[in-house]
Amino acid sequence: MSKRIVILGAGESGTGSAVLAKAKGLDVFVSDKGTIAEKYKAELDGIGVQWEEGQHTEALILNADEVIKSPGIPDKAALIKALKEQDTPIISEIEFAARYTNAQLHCITGTNGKTTTTSLTYHILQKAGLNVGLGGNIGQSFARQVATGNFDHFVLELSSFQLDNTYTARANNGVICNITPDHLDRYDYELQNYINSKFRVTQNQTADDLFIYCADDELTVQNLAQQKGNAKPMPFSIYKTLSYGAWLEGNQMIIKLTEDDSNPFTMLIEEFALKGKHNIYNTMASAIIAKALNIRKEVIRESLTDFKNVEHRLESVGKVRGMEFINDSKATNVNSAWYALESVERPIIWIAGGVDKGNDYTMLKPLVREKVKLIVCLGVDNRKIHEAFAKDVKMLVNTTSMPEAVHVAYKMGEQGDTVLLSPACASFDLFENYEDRGRQFKRAVKNL
């Protein structure tokens, strides 16, 4: 009999896993407690995979040899507890797909910056003519691409949830962009559990691999010593001069992979397509991977110059009446919002709020006092934002829809202001997800 694989969750990750499992001749069943999108139902039917929606039928799940769990399902769920009690292996899509590919894996995690770093790394590798796929938390699922393609490289954006059920997958290049408190509700409100989750990106690395990390990030550096990785550490910094890694000398980035590297990569930071301090970090991490793969300097330089940033991440939507509108809907935590506020030079009207994930807004207060003239709250419950910033801005206004928020910001702003959507919160109170929130923002700006 073939091995029985049960997949919990039928989004892109779960459906991609089903495609791969079926291609490998496994007995597959997909269960989703919510509603499955029509396109995925049609796909599962097309390959002959049984599925259910709106429920989890325990009799069809607890008999699994192995379970592939959607990253969105918490370990606290009763069904997951029942599976663990009977010692059923529970793995991630990333773990499952990695078994079936010999491609080099370039795995990027971090609280912030991982989407940009992943997209930029993919852009460089593509431009260099490498046979490369893009997956993980972005684009098509890794499993689907392993099933249907034959890539030599994958650039994978990995969330902590995706790393949690990953055990044997090996990153040839593993990156932690930074670590700041996030998703603590999923980690028993223990920051260390979240940190340990991020460091899983380096757990199976060998001495031939690179562990690329920010030497300016306090939590990463503090935890380096406790992590028993075998990879060669490769730091990047904008404040320290390093003997190898990536660093700045004046306004020039220098990258060396060894102390005696006689062929360093150098580039002026003014030439980077991505602006802002946080994007220097993202650029450094991507460029280290490119140099490690011996990509030609001209290709790296050109890629760093012509890259277009991802949608919903500090995306300029345009100007109306001399006011610039920036869509940073992907900023679902405090640290992301800090980067956004830090990178804007002009007076800010800040649209913020949504589902608060236990946020501590303290780190934002100095920037808000310095740069923000008005906060437009966009959420069902805005009390925490009012409590945090009442003394830091002249006015806070409550709104309950995106058109209303944009209209208020527009009416109360003036020429030279920047209207910044950078919510610092999840989107699920008023929107389907951060993409829906960002698209509604762009639509509302166009309708002004």
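Description of the structure in this document. Since the model is a prediction, treat every value here as computed from it, not as a measurement.

Quick notes on unusual backbone geometry
For step 1, the next point in the chain: Although it is not a glycine, His312 sits at a positive phi angle of roughly 70°.
For step 2, the next point in the chain: With respect to the helices and strands, the residue His312 is situated in the loop between helix H12 (297-306) and strand S15 (315-320).
For step 3, the next point in the chain: Judged by relative accessible area, His312 falls into the buried class, the value being 2%.
For step 4, the next point in the chain: In this structure, Arg321 takes a positive phi of about 55° despite not being glycine.

What to know about the pairing of strand S2 (residues 27-32)
For step 1, the next point in the chain: Within S2, five of the six residues are buried, leaving the element largely enclosed by the surrounding structure.
For step 2, the next point in the chain: Sheet topology places strand S1 (residues 4-8) next to S2; five bridges connect them, and they run parallel. Bridging across to S2, Val6 finds its partner in Phe29.
For step 3, the next point in the chain: A crossover links S1 with its parallel partner S2, the connecting element being helix H1 (residues 12-23), and its sense is right-handed.
For step 4, the next point in the chain: When S2 meets strand S3 (residues 50-53), the two strands line up parallel, connected through four bridges. Bridge pairing in S3 places Val30 opposite Trp51.
For step 5, the next point in the chain: Tracing the backbone out of S2, into helix H2 (residues 38-46) and back to the parallel element S3 gives a crossover that is right-handed.

Some details on the sheet that holds S15
For step 1, the next point in the chain: What the six strands build is an open sheet, ordered S15-S16-S20-S17-S18-S19; its pairing is mixed. Two strands close off the open sheet at either side, each with one partner strand: S15 and strand S19 (396-399). The average undirected angle you get between the axes of adjacent strands in this sheet is 20°.
For step 2, the next point in the chain: Sheet topology places strand S17 (residues 348-352) next to strand S18 (residues 372-378); five bridges connect them, and they run parallel. Residue Ile351 lies in a different strand from S18, and its bridge partner there is Val376.
For step 3, the next point in the chain: Each of S17, S18 and strand S20 (418-421) is contacted by helix H13 (residues 334-343), which is oriented at about 165° to S17, the strand it contacts most.
For step 4, the next point in the chain: Helix H17 (residues 434-446) contacts S15, strand S16 (323-327), S17 and S20 of the sheet and is inclined by roughly 160° relative to S16.

A few points about the pairing of strand S12 (residues 245-249)
For step 1, the next point in the chain: In terms of residue burial, S12 counts as a mostly covered element, since four of its five residues are buried.
For step 2, the next point in the chain: As paired elements, S12 and strand S13 (residues 252-256) share five bridges and run antiparallel to each other. Its bridge partner being in S13, Ala246 is matched across the sheet by Ile255.
For step 3, the next point in the chain: Hairpin connection, S12 to S13: the antiparallel pair is bridged by two residues, and Gly250 has positive phi, about 65°.

Some thoughts on empty space enclosed by the protein
For step 1, the next point in the chain: One pass over the full model with this rule turns up three cavities of 30 Å³ or more.
For step 2, the next point in the chain: Taken as a whole, the largest cavity holds about 120 Å³ of empty space.
For step 3, the next point in the chain: Contributing to the lining of the largest cavity are 16 residues, with Asn112, Gly113, His278, Asn282 and Tyr339 lying nearest its centre.
For step 4, the next point in the chain: Sorting the residues of the lining of the largest cavity by element identifies helix H11 (277-292) and H13 as the ones contributing at least two each.
For step 5, the next point in the chain: Considering every element that reaches the lining of the largest cavity, the biggest residue donor is H11, with four residues.
For step 6, the next point in the chain: Within the lining of the largest cavity, the residues separate by chemical class into six nonpolar, eight polar and two charged.
For step 7, the next point in the chain: The calculated volume of the second largest cavity comes to roughly 80 Å³.
For step 8, the next point in the chain: Surrounding the second largest cavity, Ile94, Leu105, Cys107, Leu156, Leu158, Leu163, Thr166, Ala169, Arg170, Ala171, Arg200 and Val201 form its lining.
For step 9, the next point in the chain: Here the lining of the second largest cavity is built from residues that sort into nine nonpolar, one polar and two charged.

Quick look at the environment of Thr88
For step 1, the next point in the chain: Along the chain, the position of Thr88 falls in the loop between helix H4 (78-85) and strand S5 (90-91).
For step 2, the next point in the chain: Residue Thr88 is classed as buried on the basis of its relative accessible area of 9%.
For step 3, the next point in the chain: C-alpha separation for the pair Thr88 and Cys377, spaced 289 residues apart in sequence, amounts to 45 Å.
For step 4, the next point in the chain: Not counting chain neighbours up to four residues away, the residues in contact with Thr88 comprise Ala64, Asp65, Glu66, Val67 and Leu83.
For step 5, the next point in the chain: Of note is the side chain of Thr88, whose polar atom sits 2.9 Å from the side chain of Gln86.

Observations regarding H4
For step 1, the next point in the chain: Within H4, burial applies to Leu79, Ile80 and Leu83. The arc that holds the buried residues of H4, viewed along the axis, is 100°, so those residues lie on one side. Opposite the buried face of H4, by more than 90 degrees, sit the exposed residues Ala78 and Glu85.
For step 2, the next point in the chain: Of the surrounding secondary structure, the elements contacted by the buried residues of H4 are S1, helix H3 (58-61), strand S4 (66-69) and S5.

With respect to the packing of aromatic side chains
For step 1, the next point in the chain: Throughout the structure, instances matching the rule amount to 10 aromatic pairs.
For step 2, the next point in the chain: Ring geometry for Phe211 and Tyr213: centres 5.6 Å apart, planes at 20°, overall stacked.
For step 3, the next point in the chain: Accessibility expressed as a relative area gives 11% for Tyr213, which makes it buried.
For step 4, the next point in the chain: Ring geometry for Trp338 versus Tyr339: centroids 5.6 Å apart, planes at 80°, classification edge-to-face.
For step 5, the next point in the chain: Trp338 sits in the partly exposed class, given a relative accessible area of 22%.
For step 6, the next point in the chain: Three or more aromatic residues joined by ring pairs make a cluster, and in this case those are Phe142, Phe151 and Phe154.
For step 7, the next point in the chain: Over the aromatic face of Tyr244 sits the side chain of Lys232, whose NZ or CZ is 5.1 Å from the ring centroid.
For step 8, the next point in the chain: Positioned over the ring face of Tyr410 is Arg321, at 4.7 Å from the centre of the ring.

Rules of the game
Residues numbered from 1 in each chain as written. Predicted model: local features only at pLDDT ≥ 70, side-chain atom pairs only at ≥ 80, totals over all residues. Heavy atoms only, no water. Helix = DSSP H or I, 4+ residues; strand = E, 2+ residues; numbered from the N terminus. Buried < 20%, exposed > 50% of the residue type's maximum accessible area, 1.4 Å probe, protein only. Pairing = 2+ DSSP bridges. Right-handed = clockwise from strand over helix to strand, strands pointing away. Axes fitted to C-alpha atoms, helices over the stretch in contact; angles between N-to-C directions. Contact = heavy atoms within 4.5 Å. 1 Å grid on protein atoms, 1.4 Å probe; cavity = no way out; pocket = protein on both sides within 12 Å on 5 of 7 lines; lining within 4 Å. Points joined across faces, edges and corners; volume = space filled by probe spheres on them. Nonpolar A, V, L, I, M, F, W, Y, C, P; charged D, E, K, R; others polar. Polar contact = N/O pair within 3.5 Å; in protein donor to acceptor, adjacent residues only side chain to side chain. Arc of directions from axis to C-beta. Phe/Tyr/Trp six-rings, centres within 6.5 Å; stacked < 30°, edge-to-face > 60°. Lys NZ or Arg CZ within 6 Å of the ring centre and 35° of its normal.

Function-wise, these values are silent; they only describe arrangement.
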